[in-house]
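Coordinate analysis (summary)
Okay, here's what each chain looks like letter by letter:
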Amino acid sequence: MQFENNREFALKLDAEDDLAKYREHFIFPEVDGKEVVYFVGNSLGLQPRSAKKYVDEVMQDWAELAVEGHFKAEKSWWDYHERFSEKLSKVVGAKPSEITVMNTLTVNLHLLMVSFYRPSGNRCKIICEEKAFPSDQYMLASQVRFHGYEPSEVIVEVKKREGENHFRTEDVLQTIREVGEECALILIGGVNYYSGQFFDIKEITKAGHDIGSFVGWDLAHAAGNVELKLNDWKVDFAAWCSYKYMNSGPGNASGCYINEKYHNRKDLPRFEGWWGHNKERRFLMEPEFQPEPDANAWQISNAPVLALAPYLASLEMFDEVGMPALIQKRNKIVAYLEFVLQEIDKEVESSFEIITPSDQSERGTQISVFLHGEGKEIFNYLMKNGVFVDWREPNVIRLAPAPFYCSFLDVFCFGQVLKQGILNKKQ
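Basis of the calculations
Residues numbered from 1 in each chain as written. Predicted model: local features only at pLDDT ≥ 70, side-chain atom pairs only at ≥ 80, totals over all residues. Heavy atoms only, no water. UniProt positions renumbered as here; feature names shortened; annotations may be inferred. Patch = residues over 30% accessible without salt bridge, like charges linked within 9 Å, V, L, I, M, F, W, Y side chains within 5 Å. Areas by Shrake-Rupley, 256 points an atom, 1.4 Å probe, with all protein chains shown as cover. Salt bridge = Lys/Arg side-chain N within 4 Å of Asp/Glu carboxyl O. Lys, Arg positive; Asp, Glu negative; His and termini not counted. Charge placed at Lys NZ, Arg CZ, Asp CG, Glu CD. Helix = DSSP H or I, 4+ residues; strand = E, 2+ residues; numbered from the N terminus. Buried < 20%, exposed > 50% of the residue type's maximum accessible area, 1.4 Å probe, protein only. Pairing = 2+ DSSP bridges.

As recorded in an unreviewed UniProt entry, the protein chain goes by Kynureninase and comes from Autumnicola psychrophila. Under the Cofactor (unreviewed entry) heading, UniProt states for the protein chain: "pyridoxal 5'-phosphate". Listed under Subunit (unreviewed entry) in UniProt, the entry text for the protein chain is "Homodimer."

On the surface, Asp 200, Glu 203, Asp 359 and Glu 362 cluster together to form a negatively charged patch. Take Asp 359: it is sitting in the loop between strand S13 (351-354) and strand S14 (367-372).

Within strand S12 (residues 254-258), 5 of the 5 residues are buried, leaving the element largely enclosed by the surrounding structure. A two-sided burial pattern is seen for S12, the buried positions comprising Ser 254, Cys 256 and Ile 258 on one face and Gly 255 and Tyr 257 on the other. With 4 bridges connecting them, strand S6 (residues 99-102) and S12 associate as antiparallel partners. Considered in S12, the bridge of Met 102 is made with Ser 254. Across 5 bridges, strand S11 (residues 237-241) lies against S12 in antiparallel orientation. Counted as the bridge partner of Ala 239 is Cys 256 from S12.

Below is the structure:
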């Protein structure tokens, strides 16, 4: 499509957008009485209007039923988490039995590493990407210390080539081959939080299995954003947060995927608790743990139902729309954002360098841009003028026009505010 950087064209794209109606299903903050342009769904998604209803249902059940809400509520609490498995399986490309929802993201990654980081002899190394999200770095370092190793000796980082902004799949595969039989685990962010690059999960997972390593993925920036086929790709395990593209609310519950081949494995250790115990016998209070036959065996404590309620509200919309439709709009709106940035770049003295891959198969909703010649003042100007974006040092803004609620008009308006902010500074 031949794009145009004007209001009329943006409105035309919105009129053709089958998902445009879902914008009304979300609540936007306002600045000076106007809805903001919200491009930070990669950090915290907007609140679905239905979320309050789902939370209120739990509150009402608590008020009217008290402890009996565990079994007598319309959405009974004791199996509340089970309502997520089928819907989430469509989002991440898994079987429902491979999905559970519990805890928060880094907690779940730690718990999954109990099962999948089993260093022994020379096979003790972990491969991750250079400058992974800090929480992943802290987690990996603490895990290897727990097992008696020094992070600098066993954590191997795949690096970008000098002067390049993206990781090359060939370099990831080469690192895997070089570490070889010393590799116990590969754990990488499916979509890099800084650049927005989508890794080749299928090829990297296969390469890890070829050397006998477990392969897991942090899908914080991937779930609800890119096409995933975790079961087809034979991924061993994965976890993701729900509050970014999945709009569940700040710091909310994490989803987990555990490949079906590890269910009922008695030789695979894990930390256990009563919510992972045989559901039909859970309240018999038996002393011996009998695991659930699926991913729910990794459950530990009873589900935080009040936290899960807004996640379920959002997931209902994902189930209604489906990932193919979201990805189709995502590709179009991100391409339009890329075009608008290039057009504004021609009209100002500063230069923009997009560090996110231009190939749609290698990116999701996020575009990361170096604003050469600009400091944090331009970020402050955007925020003050109702354009919510994300700043990363030294001079990168991350832009994520989430397809559920962002419009093509939002993209055009962002470009105009960005241009005005730069021109004002030059005067």
